[in-house]
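Close look at the chain arrangement
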Amino acid sequence: MREPPVITPEISERAKALVIGAIPSLSPVLFMPALQGRGGTLIDRSGKGNNGAIVGAAWKRFPRGLPALSFNGNDYVSLGSLTSFPAGSSARTVLFWAKTTESPATDWRIVSGYGNDALRQAFNVGQQKTSDKLYVALYGEDIASDYTWVINTLTHIAVTLSGTTVQFYVNGVLNSTGTASGTVNTVLTAGTIGKWSGPAANYFWKGLIGWVILAPSVLSAPVIASIYNRQRTLIGA
């Protein structure tokens, strides 16, 4: 199999500028487009230094050749630090591209998240067991969307948190809104891509993940749609 293309710093910066430069309000604290395409470290290009150690995940490619990571249900990326991540009930938006290779899910599958194993102290986004719904797992409480993951289909997801309100966007369009029954209190203990963030369970992802972004604000519907369209052009979705 042909190796993913080598992405030079110049190409990386052009790609970053296309997605972020024209959208100043994004100001991410985590920006992981996986542009280097090789090696054991997933580089955070937000400027915050939240690089991740790749544990078992394999390098693959999006349709237009840009790199992504493939997860087989037993591997992940560990974020060594969570510098400037939104804690407590602070506003946030998580965005990523993902493809599931399992339906119905035989376990809870997490794309990305961070936090602790205590009531509403985590914020993990993924695929619910059996129902296959896109959902947020807060630990002790799940908030499900109306979207059902489609197997082997590359999909752009954005999830926002404002107080106790969670909004789910699929391919740039608002899908549904949910509400936590109590105060969200995310703690900055650990962060992961491809598995549950806390030590109590693994809940590994099965499929492809790329372009993980975390912004410390609630991005508007037009901004989320713009990011989706810009990234779709880059990766060929």
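Because the structure is a prediction, the values reported are computed rather than measured. (Residues numbered from 1 in each chain as written. Predicted model: local features only at pLDDT ≥ 70, side-chain atom pairs only at ≥ 80, totals over all residues. Heavy atoms only, no water.)

1. Thoughts on the packing of aromatic side chains
Scanning the model with the defined rule gives nine aromatic pairs in all. Summarising the aromatic geometry, the rings of tryptophan 108 and tyrosine 203 are spaced 5.6 Å apart at their centres and angled 55° between planes, so their arrangement reads as tilted. With tryptophan 108 in the loop between strand S7 (92–100) and strand S8 (109–115) and tyrosine 203 in the loop between strand S15 (191–193) and strand S16 (206–215), this pair connects stretches of sequence that are 95 residues apart. Where tyrosine 147 meets tryptophan 149, the ring centres are 6.1 Å apart and the plane angle is 65°; that geometry is what we call edge-to-face. Given the relative accessible area of 14%, tyrosine 147 is considered buried. Cation over ring: arginine 92 sits above phenylalanine 123, and NZ or CZ is 4.9 Å from the ring centre. Here the guanidinium or amino end of lysine 195 rests over the ring plane of tyrosine 76, the centre of that ring lying 5.2 Å away. (Phe/Tyr/Trp six-rings, centres within 6.5 Å; stacked < 30°, edge-to-face > 60°. Helix = DSSP H or I, 4+ residues; strand = E, 2+ residues; numbered from the N terminus. Buried < 20%, exposed > 50% of the residue type's maximum accessible area, 1.4 Å probe, protein only. Lys NZ or Arg CZ within 6 Å of the ring centre and 35° of its normal.)

2. Considerations on the pairing of S7
Most of S7 sits inside the fold, with eight of its nine residues counted as buried. Pairing analysis gives seven bridges linking S7 to strand S12 (residues 155–162), with the strands arranged antiparallel. Following the sheet pairing, alanine 98 is matched in S12 by threonine 155. (Pairing = 2+ DSSP bridges.)

3. Some points on empty space enclosed by the protein
Under the counting rule described, the total for this entry stands at two cavities of 30 Å³ or more. As a volume, the largest cavity reaches approximately 80 Å³. As for the largest cavity, its lining consists of Leu30, Leu79, Phe85, Val94, Ser112, Gly113, Tyr114, Phe123, Val125, Val212, Ile213 and Leu214. Only S8, strand S9 (122–127) and S16 provide two or more residues apiece to the lining of the largest cavity. Residue composition of the lining of the largest cavity, grouped by class: 10 nonpolar, two polar and no charged. When its volume is computed, the second largest cavity comes out at roughly 40 Å³. (1 Å grid on protein atoms, 1.4 Å probe; cavity = no way out; pocket = protein on both sides within 12 Å on 5 of 7 lines; lining within 4 Å. Points joined across faces, edges and corners; volume = space filled by probe spheres on them. Nonpolar A, V, L, I, M, F, W, Y, C, P; charged D, E, K, R; others polar.)

4. Here's the deal with the sheet that holds strand S11 (residues 142–148)
Reading across the sheet, the eight strands line up as S2-S3-S6-S15-S8-S9-S10-S11 and stay open at both edges, with antiparallel pairing between neighbours. A strand with exactly one partner marks an edge of an open sheet, and here the two such strands are strand S2 (41–42) and S11.

5. Notes on the nonpolar core
With 40 residues, the main nonpolar core has Leu42 and Phe96 as its most contacted residues. With residues near it in sequence (within four places) discarded, phenylalanine 96 still touches Val111, Val125, Trp149, Thr155, His156, Ile157, Gly210, Trp211 and Val212. By size, the runner-up hydrophobic cluster in this structure holds 21 residues, among which are Ala68, Trp97, Ile213 and Tyr228. (Core = buried A, V, L, I, M, F, W, Y, C linked by side-chain atoms within 4.5 Å. Contact = heavy atoms within 4.5 Å.)

6. Examining the pattern of salt bridges
If you walk through the whole model with that rule in mind, you get three salt bridges. When the shortest N-O distance is used, the salt bridge between glutamate 102 and lysine 206 registers 3.6 Å. In this pair, glutamate 102 is assigned in the loop between S7 and S8 and lysine 206 in strand S16, connecting sequence segments 104 residues apart. We classify lysine 206 as partly exposed; its relative accessible area is 26%. For arginine 120, the salt bridge goes to glutamate 141, with nearest N and O atoms at 2.8 Å. Placement of arginine 120 in the loop between S8 and S9 and of glutamate 141 in the loop between strand S10 (133–137) and S11 is noted, with a sequence separation of 21 residues between them. Judged on exposure class, the residue arginine 120 and its partner glutamate 141 are both buried. Three or more residues are tied together by salt bridges with common partners; here these are Glu102, Arg109 and Lys206. (Salt bridge = Lys/Arg side-chain N within 4 Å of Asp/Glu carboxyl O.)

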